[in-house]
Amino acid sequence: MEITDLTPAERRVRDAFPHGALVDFRTGVADEDDPEGGADWGAGRTVRAEVLRALLLGGEQAEGEVPALRIRGARISGTLNVRYAVAECAVLLAGCSFERTPNLYGTQVRQLNLSGSVLPGLDAATLRVDGVLRLTDCRIPGPVRLGGARITRALFFDGARIGIDADGSTVPNEEAVLQLNHAVTEDDLWWPGIEVRGEVRISGATVTGLIQLDDAVLLNPGATALQAENVTVGSDVRAMRLRVQGRVNLRGSRIPGQLNLAYARLCHPEGAALRASSCAIGELWLREARPIEGGVNLRRSQIDLIHADPQVWPPEVRLDGLTYTSLVPHLPAQRRLPLLEREADGYAPYAYEQLTAAYRRIGDDDAARTVLLAKQRRHRRTLPGYARAWGYLQDVTVGYGFRPVRAAAWLFSLLLAGAVAFAAHHPRPLKQGEAPPFSPVFYTLDLLLPIIDFGQEKAYNPTGWYQWLSYLLIVTGWLLATTIAAGITRSVSRQ
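Keep in mind the model is a prediction, meaning the values are calculated, not measured.

A. The overall build of the protein, seen in detail. In terms of helices and strands, the protein carries 10 helices and 35 strands. Taking 23 Å as the expected radius of gyration for a compact globule of 495 residues, we find that the protein reaches 37 Å, considerably beyond that expectation. Within the protein, the proportion of its 495 residues that are buried is 50%. A fraction of 46% describes how many contacts in the protein between residues 6 or more apart in sequence connect residues 24 or more apart. Element-wise, carbon and sulfur atoms account for 53% of the exposed surface of the protein, whose accessible area totals about 22700 Å². A distance of 8 Å separates the average location of the 54 positive side-chain charges in the protein from that of its 54 negative side-chain charges.

B. Fine view of the nonpolar core. Judged by nonpolar contacts, the single largest core of 113 residues is most densely connected at Phe157 and Trp191. In this view, Trp191 contacts Leu155, Phe157, Asp158, Leu178, Leu180, Val200, Ile202, Gln212, Leu213 and Ala216; residues no more than four positions away in its chain are not counted. Formed by 14 residues, the second largest nonpolar core is a distinct cluster that contains Leu414, Phe438, Tyr460 and Leu469.

C. Representation of the packing of aromatic side chains within the structure. Applying the stated criterion across every chain yields a total of nine aromatic pairs. Each residue in the set Phe422, Phe438, Tyr443, Tyr460, Trp465 and Tyr466 is aromatic and connected to the rest through ring pairs, giving one cluster. Its end group placed over the ring of Trp41, Arg45 keeps NZ or CZ at 3.8 Å from the ring centre.

D. Up close: the packing of helix H4 (residues 333–340) against helix H6 (residues 365–380). Relative to each other, H4 and H6 sit at 30°, their axes nearing to 10 Å. Regarding the angle of H4 to H6, the classification is roughly parallel. Note on packing geometry: the crossing formed by H4 with H6 is right-handed. The segment H4 lies against H6, with Ala333, Gln334 and Leu337 engaging Ala367, Thr370, Val371 and Ala374. In terms of residue class, the contact of H4 with H6 is made up of five nonpolar, two polar and no charged.

E. Summary view of the environment of Ala348. The topology assignment puts Ala348 in the loop between H4 and helix H5 (349–361). On a C-alpha basis, the gap between Ala348 and Pro429 in space is 57 Å, while along the polypeptide they are 81 residues apart. If near-sequence neighbours (up to four positions away) are discounted, Ala348 is found in contact with Asp320 and Glu343.

F. Representation of the packing of H4 against H5 in the model. It is the contact of H4 with H5, at a shortest axis distance of 10 Å, that shows an interaxial angle of 160°. Viewed along their axes, H4 and H5 adopt a mutual orientation that is roughly antiparallel. Every pair of crossing elements has a handedness; the one defined by H4 and H5 is right-handed. Listed contacts from H5 to Ala333, Arg336, Leu337 and Leu340 of H4 are Ala351, Tyr352, Leu355 and Tyr359. Each residue belonging to the contact of H4 with H5 can be placed in one class, and the counts come to seven nonpolar, no polar and one charged.

G. Here's a closer look at the pairing of strand S27 (residues 254–260). Pairing between strand S25 (residues 237–238) and S27: two bridges, direction parallel. Paired with Val237 across the bridge in S27 is Leu259. Two strands pair when backbone bridges link them, and S27 and strand S29 (residues 280–285) are joined in this way by five bridges, in the parallel orientation. Bridging across to S29, Gln258 finds its partner in Glu283.

H. Fine view of the sheet that holds strand S6 (residues 97–98). Judged by pairing direction, the sheet is parallel, and its three strands sit side by side in the order S2-S4-S6 without closing on themselves. Edge positions in the sheet fall to strand S2 (46–48) and S6, since each of these pairs with one other strand and no more. Pairing analysis gives three bridges linking S2 to strand S4 (residues 75–77), with the strands arranged parallel. Looking at the pairing, Thr46 lines up with Arg75 of S4. Across the sheet, helix H3 (residues 49–58) touches S2 and S4, and the angle it forms with S2 is around 60°.

I. Expanded view of the pattern of salt bridges. Scanning the entire structure with this criterion turns up 27 salt bridges. Here Asp33 and Arg45 are joined by a salt bridge, their closest N and O atoms 3.2 Å apart. Note that Asp33 is positioned in helix H2 (residues 30–33) and Arg45 in the loop between H2 and S2, a separation of 12 residues in sequence. As far as the burial class goes, Asp33 and Arg45 line up, both buried. Between Arg241 and Asp215 there is a salt bridge; the shortest N-O distance is 2.7 Å. With Arg241 in the loop between S25 and strand S26 (243–249) and Asp215 in the loop between strand S22 (211–212) and strand S23 (217–227), this residue pair connects regions lying 26 residues apart in the sequence. On the basis of relative accessible area, Arg241 is assigned to the partly exposed category, the value being 38%. The exposure class assigned to Asp215 is partly exposed, which follows from its relative accessible area of 38%. Sharing partners across several salt bridges, the network here consists of Arg299, Arg318, Glu343 and Asp345.

J. Looking closely at a nonpolar patch on the surface. Residues Val441, Phe442, Ile451, Ile452 and Phe454 make up a contiguous nonpolar surface patch of about 490 Å² in total accessible area. Residue position: Ile451 is located in the loop between helix H9 (440–448) and strand S35 (460–461).

Rules behind the numbers
By convention here, each chain's residues receive numbers from 1 onward along its written sequence. With the structure being a predicted model, the display of local features is reserved for residues of pLDDT at least 70 and the display and counting of side-chain atom pairs for 80 or more, all residues being used for whole-chain, interface and lining totals. Remark: hydrogens and water are excluded; side-chain values derive from all non-hydrogen atoms of the structure. Numbering of helices and strands runs from the N terminus; a helix is a DSSP stretch of H or I covering at least four residues, while a strand is a stretch of E covering at least two. Only C-alpha atoms enter the radius of gyration, while the globule expectation follows 2.2 Å times N to the 0.38, with N the number of residues. Each residue gets one of three labels from its accessible area relative to the maximum for its type: buried under 20%, exposed over 50%, partly exposed in between, using a 1.4 Å probe on protein chains only. By the convention used here, residues are in contact when the closest approach between their heavy atoms is within 4.5 Å. Areas reported as accessible are Shrake-Rupley estimates using a 1.4 Å probe. Residue values count occlusion only from the protein chains shown. Asp and Glu are treated as the negative residues and Lys and Arg as the positive ones, with His and the ends of the chain left uncounted. Charge positions come from single atoms, namely NZ of Lys, CZ of Arg, CG of Asp or CD of Glu. Side-chain atoms within 4.5 Å are what join buried Ala, Val, Leu, Ile, Met, Phe, Trp, Tyr and Cys residues into a set we call a nonpolar core. In this analysis, rings of Phe, Tyr and Trp, with Trp reduced to its six-membered ring, are considered paired at centre separations within 6.5 Å, and the interplanar angle assigns stacked below 30 degrees, edge-to-face beyond 60, and tilted for intermediate values. Only lysine NZ and arginine CZ atoms are considered, and such an atom sits over a ring when it is within 6 Å of the ring centre and within 35 degrees of the ring normal. Every angle, taken between N-to-C directions, lies between 0 and 180 degrees, and every axis is a line fitted to C-alpha atoms, over only the stretch in contact when it is a helix. We call two directions roughly parallel when the angle between them is under 35 degrees, roughly antiparallel when it is over 145, roughly perpendicular when it lies between 65 and 115, and oblique otherwise. Left-handed describes a crossing whose near helix is turned anticlockwise from the far helix by less than a right angle; the clockwise case is right-handed. Residue classes follow a fixed rule: Ala, Val, Leu, Ile, Met, Phe, Trp, Tyr, Cys and Pro count as nonpolar, while Asp, Glu, Lys and Arg count as charged, and any other residue, Gly among them, counts as polar. Two strands form a pair only when DSSP identifies at least two bridges running between them. Whenever Lys or Arg places a side-chain nitrogen within 4 Å of a carboxyl oxygen from Asp or Glu, that contact is recorded as a salt bridge. Patch definition: residues above 30% relative accessible area lacking any salt bridge, with like charges linked at up to 9 Å and the nonpolar side chains Val, Leu, Ile, Met, Phe, Trp and Tyr linked at up to 5 Å.

Honestly, that's just the spatial picture; any functional story needs more than this.
In structure tokens, the structure reads:
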């Protein structure tokens, strides 16, 4: 293309480039400046993509000036193909209407701002930006390919609409509609209010700052809405009021600060709505979030603090191997225990141990004992019949050693029953004149306590049904003593 073969609109762009001046084609009328209707913009607002390419690769430079390509409200006809190009200037193409998908594969640019523009798609894998990449309020129905990109500052997608046609319908895409896998952002991912219909894929990405997803909407019903495996974040992932239809997959990600899903709504009835297994997370916040529709998988993750009400969790969870330090808000053990019953694979002893440890860290020993008792009862259901019977006996008598007062109550009840019975009918002495004075209380204690000997049992011999009562007290005493010893041993071993 000859540099002289330019339209008046293109001459304005050429003349402004060496000075970095802004060329604004907008009329000031909102409806007329909406880039959704850019196909109707005439020649006075149209710039060929090949003109922009020529300026980026070899535009004139004015002495003492910093060149830049800065355009607002233009229709970009043709394909902007700067594949593998190195542009030594900043680029602003805001509020523009692109006729075809720009090709920025492997391009290097100082700064790129496409805010408010409408693009069929964006092919910018392995893009290098020595500054900010801004796609605020962009509308892009086709796939956005930014895999492997490297951005030295922040990446802005706030208010963008991706995978959505001009009429509001969802555009079918055979690939992830927003791809940022293995990208590196040396600042924040700033995406509040973004709406994406289709899969968002950021697996393997590294973000030095935070990921901001407040008020974002990610819709891909029946499939994966957010694929974010092995993502490394420098601080937080803020996703308050996030709304998702589809699976959120964070497996293996590292988030040292907060994963804040307060007031969020996660929905994927077909499977796991939230998969955050093998993750390292500082704090997981689900404060006042809607009840999760679908499963939750937190297996083998390490989380310092979990802020979630029990009603947030779905009917099926996978928590085996989850390690955490504290739970907020502080609730009685009876409120937390039903969650452990929802383990998809059945009894998971590690989950009970973790809950016990969390209560002990805050000094709530009574709640810790309640959890351990629930663990024994849950484990009992996995045992054969004879072992379950022995377990029921330990539970009824001493609460598996975690309810010692119950043993004292049994002893007192048996002692009272025996003392009343033998007070009403004294047994005959074995040797008349040699037996000590009869005491119903100490005689009953002699029968109940296997080790202690008050000399009463050996001196008197009951007859009739009183003899059967003595046998019953002896057997009950041995059983009670055995279960108490087993329970105390189990309880002491937990300290």
